[in-house]
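Here is what each chain is made of, one letter per residue.
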Amino acid sequence: MKRIGVLTSGGDAPGMNAAIRAVTRTAIYNDMEVIGFCRGYDGLLDGDVIPLSVSSVGGIIHRGGTVLRTARCPRFMKPEGVREGLRRLKEYDIDALVVIGGDGSFHGAYELHKLGFPVVGIPGTIDNDMAGTDCTVGFDTACNTALQCIEKLRDTASSHERLFLVEVMGRNAGFLALEAAVAAGAEYVLLPEVKFDLDTLCKKLHYARERGKTHSLIIVAEGVMPVSELAAKLKDTAGFDARIIVLGHIQRGGSPSSFDAVLASRLGGGAVEALKRGEYGVMVGRIAGNIVTCPLQVSWEQKKDLDADMMSLIETLGI
Ligand code: ADP
Ligand code: F6P
């Protein structure tokens, strides 16, 4: 293995730069050359490349976003797109490709693998919705960002004795919402994995009012419903007047936390080590503190469950 490519694809996540740096430096340490493809699979198809060196990945470990930029590339979702990607990889004399992204990006990598091209995936998404790793790169930072925002909202909620509905990202998964809710001491959390019942929620809010609680914070995972819709339902059915906030893309930005910078560095190093061992079509992950590999398909075929203890904990603590 003499020359490898690396790209970031799908939604960006804090720590992607630390992963790019670790892939590049580990590869160079092992006498390989590294080429970065810009804008995910778009850059692969368009030949948008930059050589990466020890110094060009200096000073990026702490930066949010991704210096390679990222994109969603519909062209790559067609067989002819994947074949064109393979042709480009050969044109640039690339022996293997490291894909940093979510399970969508891993599907793309898997298509290349099926055509016989060596690939390794590094899980990077704030959603943490991928099996094969306890944590994806970016999840911890996004939780901390959400937490900081929720803490600020709590101040004003408490001063004005208000009910706030806070919508957090996570696509169809509730990992980010659950983690942020427990960390922020939120009263309730609504998760896509748990059937939503408006009556139960209204009863809880009434009960809280009766025992003298003057403000409440409800964390709503975006996969449940838009907070504007929930606010309208609460108003119509029980007369609750809620303020709403959508935390949105702010959760994707910022410098990686120490946890994410370390995780991304370890996974970046682990990806190159996997290639050296001849392990292709795999993802690297962190399970119980250890860096491990498993087939790429595990990330979307296996179901990653929310922590049941965390779910009952929020029920108990939000009494
Ligand atoms: P994420 O990687 O964050 O889950 P997406 O689901 O948007 O983000 O996927 C990112 C990109 O991965 C897509 O825009 C597309 O280029 C590629 N991709 C996703 N699914 C496939 C697929 N089935 N085949 C080939 N490429 C895919
Ligand atoms: O997958 C990361 C994520 O931020 C999800 O939480 C969210 O649903 C989605 O991406 C938003 O995508 P976009 O950046 O295209 O609006």
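Draft legend 1. Highlighting the layout of surface pockets. Looking at the largest pocket, its volume works out to about 960 Å³. What lines the largest pocket is a set of 43 residues, and nearest its centre among them are Gly-102, Asp-103, Gly-104, Ser-105 and Arg-171. At six residues, the largest contribution of residues to the lining of the largest pocket is made by helix H4 (residues 103-114). Along the lines of polarity and charge, the residues of the lining of the largest pocket split into 15 nonpolar, 14 polar and 14 charged. Split by domain, the lining of the largest pocket shows at least three residues from each of two domains, domain 1 (3-138 + 256-301) and domain 2 (140-252). What the second largest pocket holds in volume is close to 470 Å³. Tyr-188, Val-189, Leu-190, Lys-204 and Glu-315 are the residues nearest the centre of the second largest pocket, which is lined by 22 residues in total. Going through the elements one at a time, strand S7 (188-190), helix H7 (198-210) and helix H11 (308-317) are the ones with two or more residues in the lining of the second largest pocket. The biggest single contributor to the lining of the second largest pocket is H7, with five residues. For the lining of the second largest pocket, the residue count by class is 14 nonpolar, two polar and six charged.

Draft legend 2. Expanded view of empty space enclosed by the protein. Using the criterion set out here, one finds one cavity of 30 Å³ or more in the structure. Counted as a void, the largest cavity has a volume near 60 Å³. Lining the largest cavity, in full, are Arg-162, Leu-163, Leu-205, Ala-208, Arg-209, Lys-213, Thr-214, His-215, Ser-216 and Phe-240. A total of three residues in the lining of the largest cavity trace back to one element, the largest contributor, which is H7.

Draft legend 3. Representation of the site of ligand 1. Within the structure, ligand 1 sits among 15 residues, and Arg-72, Cys-73, Gly-102, Gly-104 and Ser-105 are positioned closest to it. Between ligand 1 and Cys-73, the relevant distance is 2.7 Å, taken from an oxygen atom to a main-chain nitrogen or oxygen of the residue. Between ligand 1 and Gly-104 there is a distance of 3.0 Å, counted from an oxygen atom to a backbone nitrogen or oxygen. Look at ligand 1: alone it shows 560 Å² of surface, and the protein chains cover 84% of it. Structurally, ligand 1 is housed in the largest pocket. Broken down by element, the shell around ligand 1 gets its largest block of residues, six residues, from H4. Here the residues of the shell around ligand 1 are counted per class, giving four nonpolar, eight polar and three charged.

Draft legend 4. Broad picture of the site of ligand 2. Taken together, the neighbourhood of ligand 2 is formed by Arg-72, Thr-125, Ile-126, Asp-127, Met-169, Gly-170, Arg-171, Glu-222, His-249 and Arg-252. Contact distances for ligand 2 include 3.0 Å between an oxygen atom and a side-chain N or O atom of His-249. Separating an oxygen atom of ligand 2 from a side-chain N or O atom of Arg-252 is a distance of 2.7 Å. Within the complex, the protein chains bury 75% of what would otherwise be the 400 Å² of accessible surface of ligand 2. Spatially, ligand 2 is embedded in the largest pocket. For the shell around ligand 2, a count of residues per class yields two nonpolar, three polar and five charged. Two domains each provide a minimum of three residues to the shell around ligand 2, namely domain 1 (3-138 + 256-301) and domain 2 (140-252).

Draft legend 5. Expanded view of the packing of aromatic side chains. Tallied over the full model, the rule gives three aromatic pairs. Between Phe-37 and Tyr-92, the aromatic rings sit 6.1 Å apart at their centres with planes inclined by 80 degrees, giving edge-to-face as the arrangement. You can see Phe-37 sitting in strand S2 (residues 33-37) and its partner Tyr-92 sitting in the loop between helix H3 (79-91) and strand S4 (96-101), a full 55 residues away along the chain. The same class applies to Phe-37 and to Tyr-92, which are both buried. Judged by centre distance (4.0 Å) and plane angle (5 degrees), the rings of Tyr-41 and Phe-76 are stacked. With Tyr-41 in helix H2 (residues 40-46) and Phe-76 in the loop between strand S3 (49-52) and H3, the pair connects residues that are 35 residues apart, well separated along the chain. One cation-aromatic arrangement involves Lys-304 over Phe-175; the distance from NZ or CZ to the ring centre is 5.5 Å.

Criteria and cut-off values
Residues numbered from 1 in each chain as written. Chains lettered and ligands numbered in written order. Predicted model: local features only at pLDDT ≥ 70, side-chain atom pairs only at ≥ 80, totals over all residues. Heavy atoms only, no water. 1 Å grid on protein atoms, 1.4 Å probe; cavity = no way out; pocket = protein on both sides within 12 Å on 5 of 7 lines; lining within 4 Å. Points joined across faces, edges and corners; volume = space filled by probe spheres on them. Helix = DSSP H or I, 4+ residues; strand = E, 2+ residues; numbered from the N terminus. Nonpolar A, V, L, I, M, F, W, Y, C, P; charged D, E, K, R; others polar. Domains from an automatic or database assignment. Near = heavy atom within 4 Å. Polar contact = N/O pair within 3.5 Å; in protein donor to acceptor, adjacent residues only side chain to side chain. Areas by Shrake-Rupley, 256 points an atom, 1.4 Å probe, with all protein chains shown as cover. Sits in = over half its atoms within 2 Å of the grid points. Phe/Tyr/Trp six-rings, centres within 6.5 Å; stacked < 30°, edge-to-face > 60°. Buried < 20%, exposed > 50% of the residue type's maximum accessible area, 1.4 Å probe, protein only. Lys NZ or Arg CZ within 6 Å of the ring centre and 35° of its normal.

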